[in-house]
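Chain residues, written in single-letter form:
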Amino acid sequence: MTMGIRPAFATDTLKVGFISPRTGPLAGFGETDGYVLEVVRKALANGIDIAGKTYAVEILDQDTQSDPSRAGQLAKDLINNQAIDLMLVVSTPETINPVADACEAAGVPCLSTVMPWEAWYFGRGAKPGEPSPFKWTYHFGFGVGEFHKTYVSQWKLIETNRKVGVMYPNDADGNAIRANLAPLLQKDGFTIVDPGAYETGTTDFSSQIALFKQEGVEIINTFPIPPDFATFWRQAAQQGLHRQVKIVQVAKTGLFPSGVEALGNLGIKLGSAAYWHKAFPYKSSVAGVSGTELADGYEAASGKQWTQQLGATLSLFDAGFDALKKTPDPKSKEAVAKSLSTLNTVTIAGKVDFTSGPVPNVSPGPIIGTQWVKAAEGAKFPLDYVVTENATDPNVPVGATLLSYNG
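Computed from a prediction, not measured in an experiment: that's the story for all the values here.

Analysis parameters
- Residues numbered from 1 in each chain as written.
- Predicted model: local features only at pLDDT ≥ 70, side-chain atom pairs only at ≥ 80, totals over all residues.
- Heavy atoms only, no water.
- Helix = DSSP H or I, 4+ residues; strand = E, 2+ residues; numbered from the N terminus.
- Expected span 1.5 Å × (residues − 1).
- Contact = heavy atoms within 4.5 Å.
- Phe/Tyr/Trp six-rings, centres within 6.5 Å; stacked < 30°, edge-to-face > 60°.
- Buried < 20%, exposed > 50% of the residue type's maximum accessible area, 1.4 Å probe, protein only.
- Core = buried A, V, L, I, M, F, W, Y, C linked by side-chain atoms within 4.5 Å.
- Salt bridge = Lys/Arg side-chain N within 4 Å of Asp/Glu carboxyl O.
- Pairing = 2+ DSSP bridges.
- pLDDT = per-residue confidence, 0-100.
- Axes fitted to C-alpha atoms, helices over the stretch in contact; angles between N-to-C directions.
- Left-handed = near helix turned anticlockwise from the far one by under 90°.
- Nonpolar A, V, L, I, M, F, W, Y, C, P; charged D, E, K, R; others polar.

> Sorry, what's going on with helix α2 (residues 68-80) here?
The periodicity of an α-helix, 3.6 residues per turn, causes residues three or four places apart in sequence to face the same way. Look at α2: 19 Å from first C-alpha to last across 13 residues, which is about the 18 Å you get at 1.5 Å a residue. Lining the buried residues of α2 we find β1 (12-20), β3 (53-63), β4 (86-90) and α3 (93-106).

Structural data, given as structure tokens:
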């Protein structure tokens, strides 16, 4: 954990906590966070001006090691022992929800992104049609509505029998998706073949695969953690399911090049969805970089392929620091929470607007249809990540045609 630099002229320091999964099964989500932190710390090295006063900025970053109970402990430590002014937390319910709950209990403003908002809002005890129970915690990004729009848009690009085999785990994401997304897809004329919730860490998916083969499904939709999808899809290939399906639409996994490359040929033509892509036409308000500049900078610094998490994590800093800048007194937790509640800004990942969300404390965001394809001859990396549809943000340019998985 590295500290911010305190400018000599600053009279006060703003302490911002940042929690993400950098190691463990969710490490793909945190792989680029070190680079984003460098970019942000560099941009804020001279402090920030708020209401005529210059504040030094100290970002205290922590790794959950993909452990939800550790996430909650780290949050409590940053709140009680480091006296942070704002918490930023990113990537998956296993990371975000325990941190948001700790902040809500302690009265510390918290902003998060990268998980379905329903799993954040309802998964933490809010009830449909009732006032929000949250005063301190705010979340932006995709929800079931965006997945629904994207999947219908994506799946209409290829002719299928509209039979969808779903693999929804027994976790916050899986249960929210089963309850909310599956009925919407059915209304649009897709037949959902659901073998039931499976437990994370399952090692044998034979019964699910047998059902999908028997029912003749031509679309697969999954929301597993990466190791579980790898197990399922390798077994599906051994049992011949991959020859039957035309679209394999994965979420929460298949997001990052390293995980897809690990599948070898089985990873080529997997359908995915991007909450950020370097083709997004927005700039970072904190760092001033475009999507392409951010991706190119990361590849030059790390020697690794860019991932969609780069822009997502940077958008969290964009939105968080914009809220701080619009606060008359950023050292007042009440004032910062109020500023979050009225935030309406544009980040590198697009618009964040808490004034018009589907529920209080939530600003929905895009998820864009994508596909992993073989990169062109002589490319730096083996796979290319292309945009195939843009129903949830028409400003994002479509760059390629969706290809059938077994074509």
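What follows continues from the structure just given.
> I would appreciate a short explanation of the packing of aromatic side chains in the present structure.
Inspection of the entire model under this criterion finds 29 aromatic pairs. Taking 5.5 Å as the distance between ring centres and 70° as the angle between the ring planes, the aromatic pair formed by Trp-233 and Tyr-405 counts as edge-to-face. With a gap of 172 residues between them, Trp-233 in helix α8 (residues 226-238) and Tyr-405 in the segment after β16 (383-387) connect regions that are remote in the sequence. With respect to burial, Trp-233 and Tyr-405 carry one shared label: buried.

> What's the story with the nonpolar core in this structure? I'm lost.
Across soluble globular proteins, nonpolar side chains have a tendency to be buried as a group. By size, the foremost hydrophobic cluster in this structure holds 106 residues, and its most contacted members are Phe-232 and Trp-233. Residues in contact with Phe-232, not counting those within four places in the same chain, are Met-167, Phe-205, Ile-209, Phe-212, Ile-220, Thr-222 and Leu-241. Core analysis: the second largest hydrophobic core is formed by 27 residues, Leu-60, Ile-79, Cys-103 and Ala-119 among them.

> Where do I start with the pattern of salt bridges in this structure?
Two side chains carrying opposite charge are able to pair once their charged atoms lie near each other. Counted under the stated rule, the structure contains 13 salt bridges. The partner of Arg-22 in a salt bridge is Asp-61, with the nearest N and O atoms 3.4 Å apart. Of this pair, Arg-22 sits in the loop between β1 and α1 (33-43) while Asp-61 is found in strand β3, placing the two residues 39 residues apart along the sequence. Taking the relative accessible area as the measure of exposure, Asp-61 reaches 11% and is therefore buried.

> What is the right way to read the sheet that holds β4 from this model?
Backbone-to-backbone hydrogen bonds join strands into a sheet, with any given pair of strands oriented parallel or antiparallel. Read across the sheet, seven strands follow the order β2-β3-β1-β4-β5-β6-β14 without closing on themselves; strand pairing throughout is mixed. Among the strands making up the open sheet, the edge pair consists of β2 (48-50) and β14 (362-363). As judged from the three bridges shared by β2 and β3, these two strands associate in the antiparallel manner. By the bridge assignment, Ile-50 is partnered in β3 with Lys-53.

> Honestly, the confidence of the model for the protein chain in this entry has me stumped. Any pointers?
Parts of the model with low pLDDT should not have their predicted coordinates read in detail. For the protein chain, mean pLDDT is 95; residues scoring 70 or higher make up 97% of the total. Per-residue pLDDT stays below 50 along residues 6-10; that stretch engages in 13 contacts with residues further than four places along the chain or on separate chains.

> Please clarify how the packing of α2 against α3 should be interpreted in this entry.
Each pair of packed helices can be summarised by the angle the axes make with each other and by the distance between the axes. Taken N-terminus to C-terminus, the directions of α2 and α3 make an angle of 35°; their axes are 8 Å apart at the nearest point. Along this stretch, α2 crosses α3, giving a crossing that reads as right-handed. Residues Pro-68, Ala-71, Gly-72, Ala-75, Lys-76 and Ile-79 of α2 form the contact with α3, whose participating residues are Glu-94, Thr-95, Pro-98, Val-99, Ala-102, Cys-103 and Ala-106. Of the residues belonging to the contact of α2 with α3, the class tally is nine nonpolar, two polar and two charged.

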